[in-house]
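Residue-level listing of the chains:
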Amino acid sequence: MSTTASDRGQVTPPKLRLEHVTKQFDVRGTKDKFTAIADIAIDLAAGEFLVLVGPSGCGKSTLLDLLGGLSTPTSGRILLDGKPVTGPGLDRGIVFQQYALLPWRTARHNIEFGLEAKGLPKKERRSLAEHYLELVGLHGFGDRYPHELSGGMKQRVAIARSLAFDPEVLLMDEPFAALDAQTRESLQDELLRIWKATGKTILFITHGIDEAIYLGQRVAVLTSRPGRVKTFVDIDIDRSGEDVRSNEQFRQYRHKIWTLLHGEVERAQVIEKEEAHV
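Position numbers for residues count from 1 along each chain, tracking the sequence in the order it is written. Per-residue local features are limited, in this predicted model, to residues with pLDDT of at least 70; the limit for side-chain atom pairs, both in listing and counting, is 80 or more; totals at the level of whole chains, interfaces and linings are taken over all residues. Only heavy atoms go into the side-chain values, all of them from the structure, while hydrogens and water stay out.

For the chain, an unreviewed UniProt entry supplies the name ABC transporter ATP-binding protein and the organism Rhodococcus oxybenzonivorans.

Encoded structure:
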């Protein structure tokens, strides 16, 4: 999906665009180059929920670093609202697998952290923090410190913190991977609710096929290293049922994506074995 046509036939540019992005690293002690991702082209529409899934070592985290502006592409461009991404910025919110909360700050004050960087007055910061605490289901927990919160609650704070400064795009790097299965599924439901409530553009990275299908409007399947987009899979499922992950439609998507990934996982394992003997 490179563009979206409006009702009047006009073309709406993507919210986030990756134009043939390649990232290479120098191999220490040699003149060789290590290619992590190659020629990745993705268009993400405003308000879209896109999930990236791929085998271990396919460059998912490298891609997130590029999107976050923490590193720059070797070639290609990343555009947000048509403007090149050249470094970190408050127009992108990032939620990591590890919660990255400041342990000396309460949940409320962790959420206010980005708002302080924007220079908002104290009263407005507190009001916004309370709003987002309620949005993520943590009303009444604002005065708790991270060590007083469960893993799922910490991740809710991290999501609220990223949403509070109103980023254009929310980037999520396997945010539920460290949680138990029940908490993970609960937060998946919460994230979908928040996405619908806010209309945010979300790019979500995971290694879980079921998670990718359950969350995404589209799933981008990545190849083994160097990571490339193998294909996009449009997801159209009814998530209102009691056991969505067990219905026939869900199983068909799971089989399709598993089939696309299976050969890539095998290739990734071969690469790892070859490198282990070098």
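That was the structure; now back to the text.
## Comments concerning the sheet that holds strand β7 (residues 83-84)
Pairing is antiparallel across the open sheet formed by four strands, whose spatial order is β4-β3-β6-β7. Only two strands of the sheet have a single neighbouring strand rather than two, namely β4 (33-44) and β7. Pairing between strands is defined by DSSP: at least two bridges between the two strands are required. Only DSSP runs of H or I covering at least 4 residues are called helices, and only runs of E covering at least 2 are called strands; the numbering of each starts at the N terminus. As defined by bridge partners, strand β6 (residues 75-80) adjoins β7 across two bridges and the pair is classed as antiparallel. Residue pairing for β7: Leu79 is matched across the bridge by Pro84. Whether two residues are in contact is decided by their heavy atoms: any pair within 4.5 Å suffices. Every angle, taken between N-to-C directions, lies between 0 and 180 degrees, and every axis is a line fitted to C-alpha atoms, over only the stretch in contact when it is a helix. Across the face of the sheet, helix α1 (residues 60-67) comes into contact with β3 (16-26), β4 and β6 while running at roughly 115 degrees to β3.

## Remarks on unusual backbone geometry
Geometrically, the link from Arg225 to Pro226 is a cis peptide bond, its omega value of -5 degrees lying close to zero. Position of Pro226 relative to the elements: it lies in the loop between β11 (218-222) and β12 (229-234). Despite not being glycine, Glu174 shows a phi value in the positive range, around 45 degrees. Residue position: Glu174 is located in the loop between β9 (169-173) and α5 (181-198). Exposure categories follow from relative accessible area, calculated using a 1.4 Å probe and restricted to protein chains: below 20% of the type maximum is buried, above 50% is exposed, and the middle band is partly exposed. Accessibility expressed as a relative area gives 14% for Glu174, which makes it buried.

## Quick word on the pairing of β3
Bridging between β3 and β4 involves eight bridges; their strand directions are antiparallel. When the bridges of β4 are listed, Gln24 appears paired with Thr35. Once β3 ends, the chain turns through six residues before running back antiparallel as β4, passing Gly29 with a positive phi of about 80 degrees. Both β3 and β6 contribute to a ladder of five bridges, which runs antiparallel. When the bridges of β6 are listed, Leu16 appears paired with Leu80.

## Topic: a nonpolar patch on the surface
Without a salt bridge and with relative accessible area above 30%, a residue can belong to a patch; like charges are then joined within 9 Å and nonpolar side chains (Val, Leu, Ile, Met, Phe, Trp, Tyr) within 5 Å. Only the protein chains shown count as covering a residue, and every accessible area follows the Shrake-Rupley method with a 1.4 Å probe. Between Lys or Arg on one side and Asp or Glu on the other, a salt bridge is scored when a side-chain nitrogen of the former is within 4 Å of a carboxyl oxygen of the latter. Taken together, the side chains of Phe25, Val27 and Phe34 define a hydrophobic patch exposed on the protein surface, amounting to about 210 Å² of accessible area. Among the secondary structure elements, Phe25 is positioned in strand β3. For Phe25, a relative accessible area of 33% puts it in the partly exposed group.

## With respect to the pattern of salt bridges
One pass over the full model with this rule turns up 18 salt bridges. Notably, a salt bridge pairs Lys15 with Asp81, separated by 3.1 Å at the nearest N-O pair. Placement of Lys15 in the loop between β2 (11-12) and β3 and of Asp81 in the loop between β6 and β7 is noted, with a sequence separation of 66 residues between them. Owing to a relative accessible area of 13%, Lys15 belongs among the buried residues under this scheme. Accessibility expressed as a relative area gives 41% for Asp81, which makes it partly exposed. Residue Glu116 is joined to Arg105 by a salt bridge in which the shortest nitrogen-to-oxygen separation is 3.0 Å. In this pair, Glu116 is assigned in helix α2 (residues 107-117) and Arg105 in the loop between β8 (92-95) and α2, connecting sequence segments 11 residues apart. For Glu116, a relative accessible area of 33% gives the class partly exposed. Where salt bridges share partners, they join Lys15, Asp81 and Glu168 into one cluster.

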